[in-house]
Amino acid sequence: MKRFVIWTNEIDARIPRKYGREVPKNLAVNKPTLLEIVDAAKTIGLNVIEIDDKALNPRLSALDDTLKVKGRIIVESKHGKSKTLKLITQKVREFRKQHRKK
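A brief structural summary. (Residues numbered from 1 in each chain as written. Predicted model: local features only at pLDDT ≥ 70, side-chain atom pairs only at ≥ 80, totals over all residues. Heavy atoms only, no water.)

## Re the sheet that holds strand S1 (residues 2-7)
Counted only if it meets this: When DSSP finds two or more bridges between two strands, those strands count as paired. Strands are runs of DSSP state E lasting at least two residues, helices are runs of H or I lasting at least four, and both sets are numbered from the N terminus onward. Helix axes are fitted to C-alpha atoms over the stretch in contact, other axes to C-alpha atoms as well, and angles between N-to-C directions run from 0 to 180 degrees. The criterion used for residue contact is that any of the two residues' heavy atoms lie within 4.5 Å.
If you trace the 3 strands from one edge of the open sheet to the other, you get S1-S3-S2, paired in antiparallel fashion. Where the open sheet ends on each side, the last strands, each with one partner, are S1 and strand S2 (47-52). Averaged over all pairs of adjacent strands, the angle between their axes in this sheet comes to 20 degrees, without regard to strand direction. Two strands pair when backbone bridges link them, and S2 and strand S3 (residues 72-77) are joined in this way by 5 bridges, in the antiparallel orientation. Counted as the bridge partner of Asn47 is Glu76 from S3. Along the sheet face, helix H2 (residues 81-101) touches S1 and S3 and points at about 50 degrees away from the line of S1.

What follows is the structure in C-alpha cells.
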C-alpha cells in the first residue's frame, strides 16, 4: 500500500492550483474540515496513520489568513494520491448532502 500526506487545502475549492489544490475545481469542496476528511477516508477504507490539526502546508504561507486551513493526515491507500483525493472529495460531498437533507 502507498502512504502519503493529504492536506486540507488539496481539496479546497477556494485555493488555486498554484497554492496546492490537487483536484479539479468542479470536484473540490468549500472549506473542508479535517474531521470531514478523516471521516471520509475511514469510510472508503483507508488506513489513517496520523492526524495533525496544527500543521499548515508551506505552500499556503503567501495566502491571505482567511484561506489558510490547517490540518493534514497521513493515510495508506491502494490507489494513487489523485484517485484517493477524488474519492475523499466525493465522500465529503455525500456527507454534506446528507447533512443538508436532515
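## Some remarks on the pattern of salt bridges
Spelled out, the test is: The rule for a salt bridge is simple: a side-chain nitrogen of Lys or Arg has to be within 4 Å of a carboxyl oxygen of Asp or Glu. With a 1.4 Å probe rolled over the protein chains alone, any residue whose accessible area is under 20% of its type maximum counts as buried; one over 50% counts as exposed, and the rest are partly exposed.
Counted by the stated rule, this structure contains 8 salt bridges. In this structure, Asp12 engages Arg14 in a salt bridge whose closest nitrogen and oxygen atoms are separated by 2.9 Å. Judged by relative accessible area, which is 0%, Asp12 ranks as buried. A relative accessible area of 24% means that Arg14 is categorised as partly exposed. For the salt bridge of Asp52 with Arg72, the shortest nitrogen-to-oxygen distance reads 3.7 Å. One end of the pair, Asp52, is in strand S2; the other, Arg72, is in strand S3, with 20 residues separating them in the sequence. Taken together, the shared-partner salt bridges connect Glu50, Asp52 and Arg72 into one network.

## Quick look at unusual backbone geometry
Despite not being glycine, Lys31 shows a phi value in the positive range, around 45 degrees. The residue Lys31 is located in the loop between S1 and helix H1 (34-43) in this model.

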